[in-house]
Amino acid sequence: DTEVTQTPKHLVMGMTNKKSLKCEQHMGHRAMYWYKQKAKKPPELMFVYSYEKLSINESVPSRFSPECPNSSLLNLHLHALQPEDSALYLCASSPAGTSGSLGETQYFGPGTRLLVL
Amino acid sequence: AQSVAQPEDQVNVAEGNPLTVKCTYSVSGNPYLFWYVQYPNRGLQFLLKYITGDNLVKGSYGFEAEFNKSQTSFHLKKPSALVSDSALYFCAVRDMSSSASKIIFGSGTRLSIRP
């Protein structure tokens with residue numbers, strides 16, 4: 001099973017709202033990722049968790065707050081977003097996510113399409 | 001710094017014809033290269049990867065890719081295109097400078113197969 005699930009599929013929120021995106025995998029992977037993707041553009045890495053520890057934060061604004069409660073679950077908490085944050089948010093996982101994991105594959109979820117009004 | 005380039009924004013092919021989606025890379029050391037496909041309103045699906053070994057890599061849905069070290073290329077190919085192959089294709093390379101398993105994506109190529 002190479003499935004990564006994401007909820008919700010769609011989300012509309014105002015600039016003062018607080019919401020969360022959820023990602024789950026049951027492949028035993030120890031690395032999980034958040035990406036942001038604008039239309040017709042490649043995904044942009046936001047955060048990487050490896051063994052439940054944040055290993056990469058690509059200078060993402062603090063209105064995005066990741067959380068990794070356990071090795072299967074990854075959340076992205078959203079607060080005071082801007083209209084330009086509207087995008088497809090993709091979650092991915094891979095077996096280890098360490099510097100020695102050179103050729104490992106990342107498996108992506110279907111994404112959450114976020115619209116900020 | 002590691003990078004990949006996809007020189008074509010769009011590739012148009014008639015159904016039944018062979019298709020090629022181009023990718024060139026720039027890395028220091030041995031490259032770890034990937035191809036992903038994205039259908040409309042969907043996440044990315046892994047197609048294939050090159051780590052080491054045979055230069056011709058076979059992947060999902062009848063796709064294959066040829067690794068060419070002298071030309072620093074990793075072109076995606078399929079002998080006979082299907083209309084259902086129409087999608088956005090991304091080439092990617094492992095970022096060797098990263099402490100985590102980070103990959104760098106190319107800009108993407110939109111493949112359109114006409115019946």
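Thresholds, definitions, all that
- Residues numbered from 1 in each chain as written.
- Chains lettered and ligands numbered in written order.
- Predicted model: local features only at pLDDT ≥ 70, side-chain atom pairs only at ≥ 80, totals over all residues.
- Heavy atoms only, no water.
- Core = buried A, V, L, I, M, F, W, Y, C linked by side-chain atoms within 4.5 Å.
- Buried < 20%, exposed > 50% of the residue type's maximum accessible area, 1.4 Å probe, protein only.
- Helix = DSSP H or I, 4+ residues; strand = E, 2+ residues; numbered from the N terminus.
- Contact = heavy atoms within 4.5 Å.
- Disulfide = S-S within 2.5 Å.
- Pairing = 2+ DSSP bridges.
- Axes fitted to C-alpha atoms, helices over the stretch in contact; angles between N-to-C directions.
- Patch = residues over 30% accessible without salt bridge, like charges linked within 9 Å, V, L, I, M, F, W, Y side chains within 5 Å.
- Areas by Shrake-Rupley, 256 points an atom, 1.4 Å probe, with all protein chains shown as cover.
- Salt bridge = Lys/Arg side-chain N within 4 Å of Asp/Glu carboxyl O.
- Phe/Tyr/Trp six-rings, centres within 6.5 Å; stacked < 30°, edge-to-face > 60°.
- Lys NZ or Arg CZ within 6 Å of the ring centre and 35° of its normal.

## Observations regarding the nonpolar core
Burial of nonpolar side chains together is a common tendency in soluble globular proteins. Counting 27 residues, the largest nonpolar core has Trp35(B), Leu48(B), Phe74(B), Leu76(B) and Tyr89(B) as the members making the most contacts within it. Secondary structure elements with two or more residues in this core: strand 2 (10-14), strand 3 (19-21), strand 5 (33-38), strand 6 (44-50), strand 8 (64-68), strand 9 (73-78), strand 10 (87-94) and strand 12 (109-114) of chain B. With four residues, strand 10 of chain B is the largest single contributor of residues to this core. If we ignore the near neighbours within four places in the chain, the residues touching Leu76(B) are Leu19(B), Thr20(B), Val21(B), Trp35(B), Leu47(B), Leu48(B), Phe63(B), Glu64(B), Ala65(B) and Tyr89(B). Of all hydrophobic cores here, the second largest spans 23 residues; its members include Met46(A), Phe47(A), Leu78(A) and Leu81(A).

## Details of unusual backbone geometry
All names here are of chain A. Following Thr 7, the chain continues into Pro 8 via a peptide bond in cis, with omega recorded as -10°. At Glu 52, a position not held by glycine, the phi torsion is positive, near 65°. Here Glu 52 is to be found in the loop between strand 5 (44-50) and strand 6 (53-57). Residue Ser 59 is not a glycine yet carries a positive backbone phi of 55°. Position of Ser 59 relative to the elements: it lies in the loop between strand 6 and strand 7 (64-70). Classification of Ser 59 as exposed rests on a relative accessible area of 71%.

## A short note on the state of the cysteines
Enumeration over the complete set of coordinates arrives at two disulfides over all chains. A sulfur-sulfur separation of 1.9 Å characterises the disulfide bridge that pairs Cys23(A) with Cys91(A). Here the S-S torsion is close to -70°, and the disulfide linking Cys23(A) with Cys91(A) is therefore left-handed. Taken together, the residues span a long stretch of sequence, with Cys23(A) in strand 3 (residues 18-25) and Cys91(A) in strand 9 (residues 87-94) at a distance of 68 residues. For Cys23(A), a relative accessible area of 0% puts it in the buried group. Looking at Cys91(A), the relative accessible area reads 0%, which means it is buried. A sulfur-sulfur distance of 2.0 Å marks the disulfide that ties Cys23(B) to Cys91(B). In this structure, the disulfide formed by Cys23(B) and Cys91(B) twists by about -60° around the S-S bond and is classed as left-handed. In this pair, Cys23(B) is assigned in the loop between strand 3 and strand 4 (24-26) and Cys91(B) in strand 10, connecting sequence segments 68 residues apart.

## Description of the sheet that holds strand 8 (residues 73-79) of chain A
Residue and element names in this part refer to chain A. With respect to topology, four strands assemble into an open sheet ordered 1-3-8-7, the strand pairing being antiparallel. Among the strands making up the open sheet, the edge pair consists of strand 1 (4-7) and strand 7. Direction aside, neighbouring strands of the sheet carry axes that sit 20° apart on average.

## As for a nonpolar patch on the surface
Residue and element names in this part refer to chain A. A cluster of nonpolar side chains, Val 12, Leu 115 and Leu 117, forms an exposed patch at the surface whose accessible area comes to about 290 Å². As for its placement among the helices and strands, Leu 115 is situated in strand 11 (residues 112-116). Using a relative accessible area of 41% as the deciding quantity, one classes Leu 115 as partly exposed.

## Structural notes on the packing of aromatic side chains
Per the stated rule, a full pass over the model turns up 14 aromatic pairs over all chains. For the ring pair Tyr33(A) and Tyr35(A), a centre distance of 6.3 Å and an interplane angle of 25° mean the geometry is stacked. The pair formed by Tyr33(A) and Tyr35(A) is uniform in burial state, with each residue classed as buried. Ring centres of Tyr50(B) and Phe67(B) lie 4.0 Å apart, and the angle between their planes is 15°; this geometry places the pair in the stacked category. Of this pair, Tyr50(B) sits in strand 6 while Phe67(B) sits in strand 8, and the two are 17 residues apart along the sequence. An aromatic cluster is present here, built from Tyr33(A), Tyr35(A), Tyr107(A), Phe108(A), Tyr36(B), Phe46(B), Phe90(B) and Phe105(B) joined pairwise through their rings. In this arrangement the basic side chain of Lys78(B) is found over the ring face of Phe63(B), its NZ or CZ atom lying 5.0 Å from the centre.

All we've got here are geometric facts, nothing functional implied.
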